[in-house]
Amino acid sequence: MNQNDTPLFDTLLHHASRRPIQFHIPSHKRGRGMDSRFRSFVGDNALSLDLINIAPLDDLHHPTGAIKHAQELAAEAFGADYTYFSVQGTSTAIMTMVLATVGPGDKILVPRNVHKSVLTAIILADAHPVFLHPELDHFFGISHGLSVESVTAALAQHPDARALVVINPTYFGISADLASIVEVAHSYGVPVLVDEAHGVHTGFHPELPLSAMEAGADMAATSVHKLGGSMTGSSILNVREGMVDPRHVQVVLSMLMTTSTSYLLLASLDVARKELAMYGRDRISYAIDLAAKARADIEEIEGLTCLSTQCLGTSAAFALDPTKLTISVKELGLTGYDVERMLREDYNIEVELSDLYNILCIISWGDTVEDIDHLVTALREISQRYRDRGERRHHVEVVLPSMPELRMSPRSAFYAKTEVVPLQEAVGRTMAEMVMVYPPGIPILLPGEVITEDNVDYIEENLRAGLPVQGPDDPEIRLIKVVKHD
């Protein structure tokens, strides 16, 4: 196949050039019925591609033409047997993987630091999660991947598991030894489902961790929009035939996907695939070099430490994506949120994520040397202002919450009779909703888990720091729902 082709984008351009009279939705009719200020900013070209699944444009739910061809090109580029497009982000692709492999009562092996979409799918499927401990990094206060040893032990204890979920790489760019994990899981006849939200580029450069398809995984939900150059909300689901049925996967995805699919998002997937396939290695090399410059410069700033290959050496921390720049700021006596706010308000810099101890910056081929220099200068000035504060605080203790006991299935707890109690009075009760910091969207507590004192303390510490804690019905997280009479 010719990876320089963009069949879907070309089809849309041809259709737009005809300027047909449209008696179909959307009602703005190429922007003529839209707010003039918005239309002027977005542009008529973009609005002319805001179309629906009329016959000439193919249908994502039953592709036979341009979308089918575009998905086949993507499958070849990503090393999959089948690739399906998603216009509802990777969350929908993740839920599809879970719902296509497990049902009521089925066991699914899951790392505890998974995204909330995995847990949402488990609730919908009424599956039984068996949570595995990821490796913890007590300097940065983050979770890494699963070790081969922990996966092996879990499979030996639960040989009836129907699927294994793996994160590759993590939000912070750490990958486990995925190829060995896949080999162990397949020896038990268990398919491997990979949350590859932050790994779309991994298969296109030898200095990056292995991609899910290279490692032999059965399915991978991959965010093209995060690190691959497509528009926000556009993702793919890569499938390897054998242990899963691609036709069933497509049916499940169609059940979850909107029928009003965005052709702008679909077209952006088509052209992003072409860029990765044709020019990905050069583009990624440039990003890696930028990240190396940033990491070297930041490491020279007093009070700042970057996550680097020095953290590797186990099967749970096996490889690093260097374009993920995780910067510990705790030795300045500041939280990551403090530094994020300073960068925004004083330097007009936005970062990907902050937490109690770190900020995370994503470096891509869309960045410039000037962008990196601006970031480094800002961090150097912040360090000069606050490093004495860190010295006064001496050692900053990194606190990570424990992994709670799962007392009930997440679905049973979510649909149980509940009562609302103050957060501080909930210790020992069974959680009936989720609490997480987003991003990254990893639940601190989820339905069915026993609420512990240290988890409550961790939630309150994040709230005091100003971090975006969310999930419960009460947006201020003063009250939470617990299972009644548990």
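Note that this is a predicted model, so its numbers are computed, not measured.

Peer 1: When you look at the overall build of the protein in this model, what are you seeing that I'm missing?
Peer 2: A tally of regular secondary structure across the protein gives 15 helices and 20 strands. Compactness check: the protein gives a C-alpha radius of gyration of 23 Å against a globular reference of 23 Å for 486 residues, within 12% of the reference. In terms of principal-axis extent, the alpha carbons of the protein reach across some 70 × 55 × 45 Å. By residue count, 56% of the 486 residues in the protein fall in the buried class. Long-range pairs, those at least 24 residues apart, make up 73% of the contacts in the protein between residues at least 6 apart in sequence. Distance from the positive charge centre (39 side chains) to the negative charge centre (64 side chains) of the protein: 7 Å.

Peer 1: Is there a simple way to think about the pattern of salt bridges in this case?
Peer 2: Using the criterion set out here, one finds 20 salt bridges in the structure. Notably, a salt bridge pairs Lys 274 with Glu 275, separated by 3.8 Å at the nearest N-O pair. Overall, the relative accessible area of 27% leaves Glu 275 in the partly exposed class. Here Arg 283 and Glu 275 are joined by a salt bridge, their closest N and O atoms 2.8 Å apart. Each of the salt bridges in this network shares a partner with another, and the network as a whole consists of Lys 274, Glu 275 and Arg 283.

Peer 1: How do you make sense of the side chain of Asn 358 when you look at a structure like this?
Peer 2: One can find Asn 358 in strand 15 (residues 358-362). In this structure Asn 358 comes out as buried when scored by relative accessible area, which is 0%. A polar side-chain atom of Asn 358 sits 2.7 Å from the main-chain carbonyl oxygen of Phe 140. When sequence neighbours within four positions are dropped, the list of residues in contact with Asn 358 reads Phe 140, Ile 142, Thr 326, Ile 327, Ser 328, Val 329, Gly 336 and Leu 353.

Peer 1: Teacher, can you tell me more about the sheet that holds strand 17 (residues 435-437) here?
Peer 2: Strands in a sheet are paired, the pairing made by backbone hydrogen bonds, and the direction either parallel or antiparallel. Spatial ordering of the open sheet is given by 18-17-19, a layout of 3 strands whose pairing is antiparallel. Every interior strand has two partners, whereas the edge strands, strand 18 (442-445) and strand 19 (469-470), have only one. For strand 17 and strand 19, the ladder comprises 2 bridges, and the chain directions are antiparallel. Pairing of Met 436 across the sheet is with Gln 470, part of strand 19. Along the sheet face, helix 15 (residues 453-464) touches strand 17, strand 18 and strand 19 and points at about 125° away from the line of strand 18.

Reading guide: rules and limits
Residues numbered from 1 in each chain as written. Predicted model: local features only at pLDDT ≥ 70, side-chain atom pairs only at ≥ 80, totals over all residues. Heavy atoms only, no water. Helix = DSSP H or I, 4+ residues; strand = E, 2+ residues; numbered from the N terminus. Rg over C-alpha atoms; globule rule 2.2 N^0.38 Å. Buried < 20%, exposed > 50% of the residue type's maximum accessible area, 1.4 Å probe, protein only. Contact = heavy atoms within 4.5 Å. Lys, Arg positive; Asp, Glu negative; His and termini not counted. Charge placed at Lys NZ, Arg CZ, Asp CG, Glu CD. Salt bridge = Lys/Arg side-chain N within 4 Å of Asp/Glu carboxyl O. Polar contact = N/O pair within 3.5 Å; in protein donor to acceptor, adjacent residues only side chain to side chain. Pairing = 2+ DSSP bridges. Axes fitted to C-alpha atoms, helices over the stretch in contact; angles between N-to-C directions.

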